[in-house]
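Examination of the molecular architecture
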Amino acid sequence: VSVGGPALGIGANIDLTTTLGVNSSTDAFRLDGIYRFNDRHAIGMSYYRVGLSGGKSLNQEILINDQTIGVGAATQTSLSFNTYRLMYNYSFYRNDKVELGVSPGLYMMQTKFNFAAQGKITSPTGGVINTTIVNEQVTLPLPSIGVIANYNISPKLQFQSRYDIFYLTIGDYTGAMFEFYAGLEYRLHQHFAMGAAFDRLQAGLKGSGEQGFNVNFSYNLAYVYATLYAF
């Protein structure tokens with residue numbers, strides 16, 4: 001992540017885990033719902049959140065918002081992604097074994113970066129202060145296009161996969177993302193199933209202008225989940 005200021009623009013890059021002690025692993029929450037009109041058409045919604053946080057006494061100087069945070073300063077940092085998603089699925093090929101489809105959609109991605117430091121901090125004018133707080137938030141709508149590939153291994157066991165990409169520039173902000181999802185779901189009952197899945201997401205959000213903001217982020221998530229079928 002990098003957060004700049006009026007004098008420095010985008011500023012210097014900061015590695016959250018190495019420099020600021022942010023945890024490299026976390027718990028995540030995901031909620032999905034889909035309504036299938038018929039064998040060809042369906043509409044779905046998703047919400048998922050990933051949040052990382054941590055603290056560290058700095059062993060090197062860093063620049064943030066044109067302020068120099070000195071060695072030994074105590075820091076607390078958090079970065080969170082809240083993703084809301086609306087999608088439409090069209091299955092152009094479907095039989096008892098295989099489903100192939102395309103899935104245009106819209107991601108609404110909210111990114112929050114919070115940073116606090118206490119110690120020797122030099123302001124852009126050369127003065128020394130004891131504390132500083134930086135809060136940055138950006139929400140971008142990101143249209144996407146995806147591909148669906150599902151395979152029924154048996155009447156009760158199904159392999160599911162999705163591949164989504166998107167890119168958008170609005171004003172001073174640019175967002176891009178790639179997501180891959182794959183999992184196995186076992187139907188225990190007509191209306192209930194259990195599954196496990198892997199999700200890989202890579203994201204980049206950038207803001208230009210006087211207050212620069214740049215986040216490059218990727219994660220791997222392993223899910224264990226339950227599915228309820230209304231009919």
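None of the values given here were measured: they were computed from a predicted structure.

Applying the stated criterion across every chain yields a total of 6 aromatic pairs. Between Phe29 and Tyr47 the ring centres are 6.4 Å apart and the planes differ by 55°, which places this aromatic pair in the tilted class. Taken together, the residues span a long stretch of sequence, with Phe29 in strand β2 (residues 28-36) and Tyr47 in strand β3 (residues 41-57) at a distance of 18 residues. Classification of Tyr47 as partly exposed rests on a relative accessible area of 23%. Plain terms: the ring middles of Tyr47 and Tyr84 are 5.0 Å apart, the flat faces sit at 40° to each other, and that makes the pair tilted. Remark: Tyr84 occurs in strand β6 (residues 74-94) and Tyr47 occurs in strand β3; sequence separation between them is 37 residues. Judged by relative accessible area, which is 41%, Tyr84 ranks as partly exposed.

Right, let's get into the side chain of Glu179. Topologically, Glu179 is positioned in strand β10 (residues 173-189). A polar side-chain atom of Glu179 sits 2.8 Å from a polar atom in the side chain of Tyr48. Discounting chain neighbours no more than four positions away, the residues touching Glu179 are Arg30, Tyr48, Arg85, Tyr107, Arg162, Tyr163, Asp164, Asp199, Arg200 and Leu201.

Rules used in this analysis
Residues numbered from 1 in each chain as written. Predicted model: local features only at pLDDT ≥ 70, side-chain atom pairs only at ≥ 80, totals over all residues. Heavy atoms only, no water. Phe/Tyr/Trp six-rings, centres within 6.5 Å; stacked < 30°, edge-to-face > 60°. Helix = DSSP H or I, 4+ residues; strand = E, 2+ residues; numbered from the N terminus. Buried < 20%, exposed > 50% of the residue type's maximum accessible area, 1.4 Å probe, protein only. Polar contact = N/O pair within 3.5 Å; in protein donor to acceptor, adjacent residues only side chain to side chain. Contact = heavy atoms within 4.5 Å.

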